[in-house]
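Structural description and commentary
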Amino acid sequence: MSLRTQQYEVFLELLRDRREAVGMRQSDLADRLGQNQGTVSRVETGETGLDIIELRDWLQGLGVAFVPFMKTLDARLAAASGEHLRHAASGGGGRR
């Protein structure tokens, strides 16, 4: 799995975590966004992406503040990158 793909998985996991943390089902969020449940599912699985404006709307639908979300994402991405770099330095593989 490429580093970029790993980073996107971190992002998707955080999106799902936030939805679940506020006690919403995919269908609940879809209703708030004026979408259908399938759209929420496709975003959460990475089949469909969100641009930055759509992400802001998504987070508002969850009642989650944008800037704290981004700070958490940045911290998780840094941690994931550190793990990747440590793994590569130990001979476990890396970018070629």
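Heads up: the structure comes first, above all this text.
Right, let's walk through the structure included here. (Residues numbered from 1 in each chain as written. Predicted model: local features only at pLDDT ≥ 70, side-chain atom pairs only at ≥ 80, totals over all residues. Heavy atoms only, no water.)

**Remarks on the environment of Gly49**
Selection rule: Numbering goes from the N terminus for both helices and strands, where a helix is a DSSP run of H or I of at least four residues and a strand is a run of E of at least two. The contact criterion used is simple: two residues touch if any of their non-hydrogen atoms lie within 4.5 Å.
Mapped onto the secondary structure, Gly49 falls in the loop between helix H3 (37-44) and helix H4 (52-62). Residues Gly49 and Tyr8, spaced 41 residues apart in sequence, show a C-alpha to C-alpha distance of 10.0 Å. If we skip the residues at most four places from it in the chain, Gly49 touches Tyr8 and Glu54.

**Regarding the layout of surface pockets**
Quick reminder of the rule: Site definitions follow a grid-based scheme: protein atoms alone, a 1 Å grid, a 1.4 Å probe that fits but cannot get out for cavities, and for pockets an open set with protein on both sides within 12 Å along at least five of seven lines, plus lining residues having an atom within 4 Å of a point. Grid points are joined across faces, edges and corners, and a volume is the space filled by probe spheres set on the points. For this scheme, ten residues count as nonpolar: Ala, Val, Leu, Ile, Met, Phe, Trp, Tyr, Cys and Pro. Four count as charged, namely Asp, Glu, Lys and Arg, and the remainder, Gly too, count as polar.
Considered as a void within the structure, the largest pocket measures approximately 160 Å³ in volume. Lining the largest pocket are Leu33, Gln35, Thr39, Val43, Thr48, Gly49, Leu50, Glu54, Asp57 and Trp58. Breaking the lining of the largest pocket down by element, the ones donating at least two residues are H3 and H4. Among the elements that take part in the lining of the largest pocket, H4 stands out by supplying 3 residues, more than any other. Of the residues belonging to the lining of the largest pocket, the class tally is 4 nonpolar, 4 polar and 2 charged.

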